[in-house]
Amino acid sequence: MRKLLVLLMIGIFGISYSQKLPTVLKTGFSKEALNQKLENEEGKSITIQQILDQHKGKVLVIDFWAGWCRDCLKALPKAKELEVNNKNIDFVFLSLDRSKEGFDKSLERFEMKDKENYWFASGWKNDFNNYIDLNWIPRYMVIDQKSAIAKYYAISPEDPEIQTTIDKLLK
């Protein structure tokens, strides 16, 4: 009887555990989002603004991932392929691993140490992730040469709009 009640409630309330496309596709960042702090591999603090400033003048792909995320790990070979096929742009990997130890282990285990990696020590819920409507990973964003958002929402490195956006920005 209890199982029937749970199934009935799920049917009525429509519980969903998948990515939901944001209703507003943003083209810029709020001040609070830009001030969000992350940590690099050495544990040094850096803001989103500082990361974007380091890549100003270049096209940047931001890859949100975690070592515990099955979908992220399935996407990793295609993400690496996207990077190899676009040597003229920058890539930054933002980890949502649950601990610094998990972050370090993931970088080692998945051969990510040679990439630009940062970790949200504050956890999933923070000013940046809330602002960009991060509700699932993996997630990919393309940032233009002036640090504006050119492609707000992609859930796969194989999304053809990522490459299309990159190509348009490089013309």
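Every chain is numbered on its own, with residues counted from 1 as its sequence reads. In view of the model being predicted, local features appear only for residues whose pLDDT reaches at least 70, and side-chain atom pairs are presented and counted only at 80 or more, with totals across whole chains, interfaces and linings using the full set of residues. In computing side-chain values, all of the structure's heavy atoms are included and hydrogens and water are not.

## Some words on the overall build of the chain
And step 1. Helix and strand assignments follow DSSP, with helices taken as H or I runs no shorter than four residues and strands as E runs no shorter than two, numbered in order from the N terminus. Helices and strands together make up the secondary structure of the chain, namely seven helices and seven strands.
And step 2. A fraction of 68% describes how many contacts in the chain between residues 6 or more apart in sequence connect residues 24 or more apart.
And step 3. Accessible surface, the chain: about 10000 Å² in total, of which carbon and sulfur atoms supply 55%. Any pair of residues with heavy atoms lying within 4.5 Å of one another is described as a contacting pair. Throughout, the Shrake-Rupley method with a 1.4 Å probe supplies accessible areas, and for residues the shown protein chains are the sole cover considered.

## A look at helix α5 (residues 100–109)
And step 1. Burial classes follow relative accessibility: with a 1.4 Å probe on protein chains only, a residue under 20% of its type's maximum area counts as buried, one over 50% as exposed, and anything between as partly exposed. Buried residues of α5: Lys100, Phe103, Ser106 and Leu107, and no others. Along α5, the residues classed as buried sweep out an arc of 125° about the axis, all on the same side. Away from its buried face by more than 90 degrees, α5 exposes Glu101, Lys105, Glu108 and Arg109.
And step 2. On the buried face of α5, the contacting elements are β1 (37–39), β3 (60–65), β4 (90–95) and β5 (117–119).
And step 3. After α5 finishes, the residue Glu111 shows a positive phi value of roughly 55°. In this description, one arc is meant: the one made by directions from the helix axis to the C-beta atoms.

## What about the environment of Lys20?
And step 1. Locating Lys20 in the fold gives a position in the loop between α1 (2–13) and α2 (31–34).
And step 2. With relative accessibility at 59%, the residue Lys20 sits in the exposed group.
And step 3. Considered as a pair, Lys20 and Asp133 are 113 residues apart in the sequence and their alpha carbons are 9.3 Å apart.
And step 4. For Lys20, the contacting residues outside a window of four places in its chain are Asn135 and Tyr153.

## Focus: the pairing of strand β7 (residues 149–154)
And step 1. Across the six residues of β7, five count as buried, placing the element largely inside the fold.
And step 2. Strands qualify as paired when DSSP identifies two bridges or more between them. If you look at the hairpin formed by strand β6 (residues 139–143) and β7, you'll find five residues sitting between the two strands, and Ser147 has a positive phi there, around 70°.

## A word on the state of the cysteines
Covalent bonding between the sulfur atoms of two cysteines is what defines a disulfide.
And step 1. Two cysteine sulfurs form a disulfide in these notes if their separation is within 2.5 Å. Enumeration over the complete set of coordinates arrives at one disulfide.
And step 2. Note on cysteine connectivity: Cys69 is disulfide-linked to Cys72, with sulfurs 2.5 Å apart. Between Cys69 and Cys72 the sulfur-sulfur dihedral comes to about 75°; the bridge is accordingly right-handed. Cys72 shares its class with Cys69; the two are buried.

## A few points about the confidence of the model for the chain
And step 1. The quantity called pLDDT is the predictor's confidence in a given residue, expressed from 0 to 100. Mean pLDDT for the chain: 90, with 89% of residues reaching 70 or above.
And step 2. Confidence over residues 3–17 falls short of pLDDT 50; this stretch has three contacts with residues more than four positions distant or in other chains.

## Comments concerning the pattern of salt bridges
And step 1. For this document, the term salt bridge refers to a Lys or Arg side-chain nitrogen within 4 Å of an Asp or Glu carboxyl oxygen. Inspection of every chain in the model, using the stated rule, returns eight salt bridges.
And step 2. A salt bridge links Asp104 to Lys100; the nearest nitrogen and oxygen atoms lie 2.7 Å apart. Of this pair, Asp104 and Lys100 are both found in helix α5, four residues apart, which corresponds to roughly one turn of the helix.
And step 3. Judged by its relative accessible area of 31%, Asp104 falls in the partly exposed class.

## Some words on helix α7 (residues 160–170)
And step 1. Turning to α7, its buried residues number three or more, namely Ile162, Thr165 and Ile166. Buried residues of α7 fall within an arc of 100° about the axis and therefore sit on the same side. Pointing more than 90 degrees away from the buried face of α7 are the exposed residues Pro160 and Lys168.
And step 2. Looking at where α7 begins, the residue whose side-chain oxygen comes 2.8 Å from the main-chain nitrogen of Glu161 is Asp159. Two N or O atoms form a polar contact when they lie within 3.5 Å of each other; inside protein one atom must be a possible hydrogen donor and the other a possible acceptor, and for residues adjacent in sequence the pair counts only when both atoms belong to side chains.

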